[in-house]
2 protein chains.
Amino acid sequence: MDETLRPLFAPRGVVLVGASHEPGKLGYGVAANLAGGGYPGTVAFVNPRGGTLFGRPVYTALESVPDPVELAVLIIPAPAVPDALQACARRGIRAAIILSGGFRETGPQGAALEAECLRIARAAGMRLLGPNCVGVINAHLPLDTTFLPRTAAPPGDVAFISHSGAICASVTDWAAEGGFGLSYLISLGNQLDVTESDVLGAVAEDPHTRVIALYLEGVSSGRRFLEAARAASARKPLVALKVGRFPSGRRAVASHTGAMAGQEAAYDAAFARAGVIRAGSIEELFDWARALGQCPLPAGRSVAVLTNAGGPGVVAADAVERHGLVMAELSPATRRDLGALLPPFAGTGNPVDILASATPQLYAAALRLLLADPAVDSVLVILPPPPREAAEAVADALIAAAAGSSKPVVVTLLGASGVREAARRLRAARLPDYRYPEQAAAAIAALQRRAEICRAPADEPVRFADVRPHLVRALIAEQRRELGGAFAQAPAARVLAAYGIAVAPMVLARTPEEAVEAAKILGFPVALKVASPDILHKSDVGGVALHLASTRAVAADFTAILTRAREARPQARIHGVCVQPMLPPGEEVIVGAVQDPQFGPLVMFGSGGTEVETTRDVAFALAPLTRREAEGLLDATLAGRRLSARRGGPPGDRAAVVETLLRVGQLAADFPDLVEIEINPLLVFSRGVSAVDVRIILR
Amino acid sequence: MDETLRPLFAPRGVVLVGASHEPGKLGYGVAANLAGGGYPGTVAFVNPRGGTLFGRPVYTALESVPDPVELAVLIIPAPAVPDALQACARRGIRAAIILSGGFRETGPQGAALEAECLRIARAAGMRLLGPNCVGVINAHLPLDTTFLPRTAAPPGDVAFISHSGAICASVTDWAAEGGFGLSYLISLGNQLDVTESDVLGAVAEDPHTRVIALYLEGVSSGRRFLEAARAASARKPLVALKVGRFPSGRRAVASHTGAMAGQEAAYDAAFARAGVIRAGSIEELFDWARALGQCPLPAGRSVAVLTNAGGPGVVAADAVERHGLVMAELSPATRRDLGALLPPFAGTGNPVDILASATPQLYAAALRLLLADPAVDSVLVILPPPPREAAEAVADALIAAAAGSSKPVVVTLLGASGVREAARRLRAARLPDYRYPEQAAAAIAALQRRAEICRAPADEPVRFADVRPHLVRALIAEQRRELGGAFAQAPAARVLAAYGIAVAPMVLARTPEEAVEAAKILGFPVALKVASPDILHKSDVGGVALHLASTRAVAADFTAILTRAREARPQARIHGVCVQPMLPPGEEVIVGAVQDPQFGPLVMFGSGGTEVETTRDVAFALAPLTRREAEGLLDATLAGRRLSARRGGPPGDRAAVVETLLRVGQLAADFPDLVEIEINPLLVFSRGVSAVDVRIILR
């Protein structure tokens, strides 16, 4: 652990500044938790009124507090905090948790107060958590600096890190009821100093922590978060709920890529890069954390469902498929053995329905067979308690059968009061239980996601050596001098070519004669496209003519295109018409890049054409890309998957697409001023690719 | 209620055949529930061994049971059931619930036994529920014919109808914990006689039932279900979980429409037609049923979020948007009054954040202001208990503030044990409580869906009088004589034209000369398309040439198309080339119809072109369509919404598209033998539409 953070999470002595004698006050609640929570270090209270509290003396000033004291917890009015921090600094205190509100969240005056606090802390080499936070629980030390009601839940293995204090206040209650224990609870508040990235590093090293759950409303620094999360994920599973998905404002964009990118795409890409599993709701966050903390990881996607009733089995099978898992095809030996074991009309397919008459012994025997089947990667057991047996008897049998298995077993306990004791036993045995089959299936999917993260080979971003950045620099300089904004087609093509990206030949023609000349050189048939930095969707203004096979057609269409374009967009700057040879047919994909304000360059891949925003078949990854990430973009989209199975033709050249993605990513990473880069379409042939239409926007 | 069903649900006397003295047996559990459940009618037990049970005599035969007895509950081995039914019939019993398993689900012998039971029942005019079911609970009579453990939950207003007995066994436990009461629980089992459709009609009339929740694994008859559900939905909200979404097998299809249709699209369309709200999980089924049973309906989509903490407010705002609702724009007066009421740094936007210091009084005052704001249709209150107040005090204040409001108020109670008493009070006051903001938002969305169903004007399918079915009959007859299967382009176009659908002129050319002749008549430029019933995707085989402006081009492309098509598909029957005039540019949409085996003709609308399965921008409705349903297909798809806002052109002719959908629906409804009909694309102009490419498959 970063030694400067240790005093925050494992101090040798704590002082509470603002301890209160009044049971209604927060300063009383914190004092109670510090004094009564079993913390093994020294605890001191400070309040100008003095007296005693929980049998301890209350000091009237920080100066009189005896050693050792490494951490100060402040719950005093905001304006008094800077002086208190000064006193802490003088006292040699190493870290402070500012629980008080009244800072940045209240306006400029509060923000100034915060800045003052940070200045004091930096000067003294002191770390700050908060302000405006709930504090820290280190459940194993134990240490509790919060004012939350104390929980009966035993310490556990989930570290919870949160931008919301209110969620912290609920999580101890959920943990007690939901059967998981916390190792850490860390409320970050305004993050004046210590941020989510600092804390990630600290808890990843904690031997009691098996899984890290994050509630995020953003990140303080995209690149720092990426590093910290990646390092943490290499040691422990990370699952995060990122909220604020629907911002009301949207910035202006000049390409399909820009329209499809946004905070959400960037976070998805960042989480993918860092190995963070993204939950979609509070419920998923903790449902998945439980499974990730308790289960071995599956070797693959095949799930066996074991049930004693048809209905919940069907519900589970639906959910398995919906979450991207597959229902296991049981091996013949397993089916035979199940057949021998089960009553005549039981289902030995998958779901395995062992009927309502199932005894605990039958549940256990069937579970053993499924766990032994190499075709099964995990088992989802459904436990509508058999009508004649207690649920806990079945739970005990399942626990014995699952013991020692290297495959995850996840249990659905249908019901509520009738299965409470069964839940208690399963939890003690570290078999996660869920209320509905859908949640159990989702939890297995989270385990599978974690398994994929762990199995992914170490991989570095690809950088090609044959690129010519000096050429791009020159083209950017020229663009700045002339126009700024959108590059014309020809220099945009040169930018791509400088990074080794295959661009279709194109000639800018300013007159019909030039167009005819160009067509003769390029060879018939040709395509004409209006050349304008101001016309994003050329076909919408009648600005495209294809398959022109004669000089007459070229000349006529040149004039027709300019007429239509000028009519449709009288304000647009029109440079002429771009002449290209008609290319052989290929798959049309889109490759783009944008600069995200938080995470930097993002590469997009997907189905191209004019309907990108309708099709929405795109995926994003952070640039520069690793080869696996580039391959992943193909796997994540229909556009990519279709390359391997093109209708009516040989497969598209996947490798050439991957190389194009890597090169575009390198270009975007090298030149952050290229705010949007878009190739649409990139034509994919059976051998090679060709960028047909290119759009680049300079900041 | 259908008078033949009354004895099943509200009998004047019940006999249990198979009552058992052994506490482990199901026949004992049923006896206990019948005897001890408070049923006001007469209860008699039958068992050949005689004796007494729960203080009542056990008769050795049905014949000796005294009057009145209208309902028999059978829990005896399957082979003994027919004889028992005969005895029931002789005794004049009107209905029987067969709890026993061992019938259809065990194979042909069991199925034969079922058929025998049905024969006996039909002959005697006796209704049957089951076999292989859990029975019936009529909670208000009360009557309990199940063997389920008796629940402490008071009777309520949710009628639950289920194809799964295991879900029934859990629902009483969930109800007790989740704070909702059941009016009916009906387990349908094998549905030998009484089906979900029969039961729907019965419970819709029940004065105690406010909402009907269905767990369905299919329906017995699509058209009967539609009628019954529609009638029930006119009186009560219906919410259904339909499982079995991911069948492994798929039938062969010959069109995009066929590929996109399927059981799920049909169920969605049927539920939409009938006014059934479709839940996606067991959790949603009961979450939504609670809200539907307890809340008034919102007048619109605008939701105000009231919270005392930022984080959960953001989570709620995300969820509101994700569920198709909108965050209300509070009126200036409300913002002003909130500003006067709340502390200086509280948020008077939406979410309204009244800060952690909020008292119960402040919660109540803010809720009153929000409910009084005409810009607010519903309020989602989040209750992380304020650190200094008990959750139940806030609950009481909220209950008082919400009392009498005509707007729904839904509460999120973050936490578990700490909010249990608050939950109890909210439930007693009929304010539904949820554990997470996401669930609360989803529940409001279900209320909004119900409001839309209720507000939808009564609407009849549109039938045009100017159609010529005799012509279609003749074309079908001709097609049967000649080929069967796929219609050639020209007769397919005539089928559409017979139903008043605008089809682009097209001429079949068998030689280059014929093609040139056709082009001259139609006027240049023209398009050529290969004409073959065996080539579904013409452009994939190079079978399309566009913008041909000269006789030479037409002749050359005619030959080129045929050469390419014969090369790509040597087995295909090729009739020649279809010549069409080039049409002005328009939006390309797809209109199709298929025959669903369960629900009959389904109409599809969406984004056309070659990428229908990629874009997946399609929606389905049952044919024949009402005008509102046709409009709904446009509203549900980007293709439809884009017509009003075409890029670079005047809006597309929505009315002409709607008319085309209505006419295609009428055609599909009139001719079930036309198993697939597809227009792709239908070109939409600013005035009018034109079917460019048509595909019709004869059964």
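Scroll up to find the structure.
Residues numbered from 1 in each chain as written. Chains lettered and ligands numbered in written order. Predicted model: local features only at pLDDT ≥ 70, side-chain atom pairs only at ≥ 80, totals over all residues. Heavy atoms only, no water.

When you go through chain A residue by residue, the secondary structure sums to 24 helices and 31 strands. Based on the C-alpha atoms only, the size of chain A along its principal axes is roughly 100 × 80 × 40 Å. Long-range pairs, those at least 24 residues apart, make up 72% of the contacts in chain A between residues at least 6 apart in sequence. Within chain A, the 68 negative side-chain charges are centred at a point lying 2 Å from the centre of the 69 positive side-chain charges. (Helix = DSSP H or I, 4+ residues; strand = E, 2+ residues; numbered from the N terminus. Contact = heavy atoms within 4.5 Å. Lys, Arg positive; Asp, Glu negative; His and termini not counted. Charge placed at Lys NZ, Arg CZ, Asp CG, Glu CD.)

The next thing to look at is the packing of aromatic side chains. Each aromatic ring pair is described using two quantities: the centre-to-centre distance and the angle formed by the ring planes. Tallied over the full model, the rule gives 20 aromatic pairs over all chains. Pairing tryptophan 174 of chain A with phenylalanine 286 of chain A gives two aromatic rings, centres 5.8 Å apart and planes at 50°, and the pair type is tilted. Here tryptophan 174 of chain A, found in helix 5 (residues 165–178), pairs with phenylalanine 286 of chain A, found in helix 10 (residues 282–294); they are 112 residues apart in sequence, far enough to count as distant. Judged by centre distance (5.3 Å) and plane angle (45°), the rings of tyrosine 28 of chain B and phenylalanine 54 of chain B are tilted. Of this pair, tyrosine 28 of chain B sits in helix 2 (residues 26–36) while phenylalanine 54 of chain B sits in the loop between strand 3 (52–53) and strand 4 (56–59), and the two are 26 residues apart along the sequence. (Phe/Tyr/Trp six-rings, centres within 6.5 Å; stacked < 30°, edge-to-face > 60°.)

Across a sheet, strands are paired by hydrogen bonds formed along the backbone, either parallel or antiparallel in direction. All names here are of chain B. The strand order across the open sheet built from 4 strands is 21-24-22-23, with neighbouring strands paired in antiparallel fashion. Looking at the sheet topology across the chains shown, the edges are occupied by strand 21 (507–509) and strand 23 (544–548). Ignoring strand direction, the axes of neighbouring strands in this sheet form an average angle of 25°. Here strand 21 pairs with strand 24 (residues 576–581) via 3 bridges, running antiparallel. Looking at the pairing, leucine 508 lines up with cysteine 578 of strand 24. Relative to strand 22 (residues 526–531), helix 20 (residues 551–568) is tilted by about 25°, and along the sheet it contacts strand 21, strand 22, strand 23 and strand 24. (Pairing = 2+ DSSP bridges. Axes fitted to C-alpha atoms, helices over the stretch in contact; angles between N-to-C directions.)

Further remarks concern the pairing of strand 6 (residues 95–98) of chain A. Within a regular strand, the side chains alternate between the two sheet faces. Residue and element names in this part refer to chain A. Covered by surrounding structure in strand 6 are Ala95 and Ile97 together with Ala96 and Ile98, the residues of both alternating faces. Assessed by its sense of winding, the connection that carries the chain from strand 5 (residues 71–74) through helix 3 (residues 81–90) to strand 6 is right-handed. Here 3 bridges tie strand 6 to strand 7 (residues 127–129), and the two strands are oriented parallel to one another. Looking across to strand 7, one finds that isoleucine 97 is bridged to leucine 129. Considered for its hand, the β-α-β crossover made up of strand 6, helix 4 (residues 108–124) and strand 7 is right-handed. (Buried < 20%, exposed > 50% of the residue type's maximum accessible area, 1.4 Å probe, protein only. Right-handed = clockwise from strand over helix to strand, strands pointing away.)

A word on unusual backbone geometry. Residues apart from glycine generally show negative phi values, whereas peptide bonds are mostly found in trans. All names here are of chain A. Following alanine 623, the chain continues to proline 624 via a peptide bond in cis, the omega torsion being -5°. Mapped onto the elements, proline 624 comes out in the loop between strand 28 (618–622) and helix 22 (627–635). Residue proline 681 follows asparagine 680 across a cis peptide bond; omega there is 5°. Here proline 681 is to be found in strand 29 (residues 674–684).

All names here are of chain B. The mixed open sheet is built from 7 strands, whose spatial order is 9-8-11-10-12-13-14. With one partner strand each, in any of the chains shown, strand 9 (143–144) and strand 14 (276–279) form the two edges of the open sheet. As judged from the 5 bridges shared by strand 12 (residues 211–216) and strand 13 (residues 238–242), these two strands associate in the parallel manner. Each bridged residue has a counterpart across the sheet, and for leucine 216 the counterpart in strand 13 is lysine 242.

Taken together, the contact pairs 59 residues of chain A with 60 residues of chain B. Both sides of the chain A and chain B interface together cover about 5000 Å² of buried area, and 55% of this is carbon and sulfur. Applying the counting criterion to the chain A and chain B interface returns 4 salt bridges. At the boundary of chain A and chain B, one finds 18 residue pairs in polar contact (both at pLDDT 80 or more). Only helix 5, helix 10, helix 11 (310–322), helix 16 (437–455), helix 21 (612–615) and helix 23 (638–644) of chain A provide two or more residues apiece to the side of chain A that touches chain B. A per-element tally of the side of chain A that touches chain B places helix 11 of chain A first, with 7 residues. In terms of residue class, the side of chain A that touches chain B is made up of 22 nonpolar, 18 polar and 19 charged. (Buried area = accessible area lost by both parts, 1.4 Å probe. Salt bridge = Lys/Arg side-chain N within 4 Å of Asp/Glu carboxyl O. Polar contact = N/O pair within 3.5 Å; in protein donor to acceptor, adjacent residues only side chain to side chain. Nonpolar A, V, L, I, M, F, W, Y, C, P; charged D, E, K, R; others polar.)

Further remarks concern the pairing of strand 2 (residues 42–46) of chain A. Residues and elements named next belong to chain A. With 4 of 5 residues buried, strand 2 lies mostly within the body of the structure. Across 5 bridges, the pairing between strand 1 (residues 13–17) and strand 2 is parallel. Each residue of the ladder has a partner; that of leucine 16, found in strand 2, is phenylalanine 45. Pairing of strand 2 with strand 4 (residues 56–59) involves 2 bridges; the strand directions are parallel.

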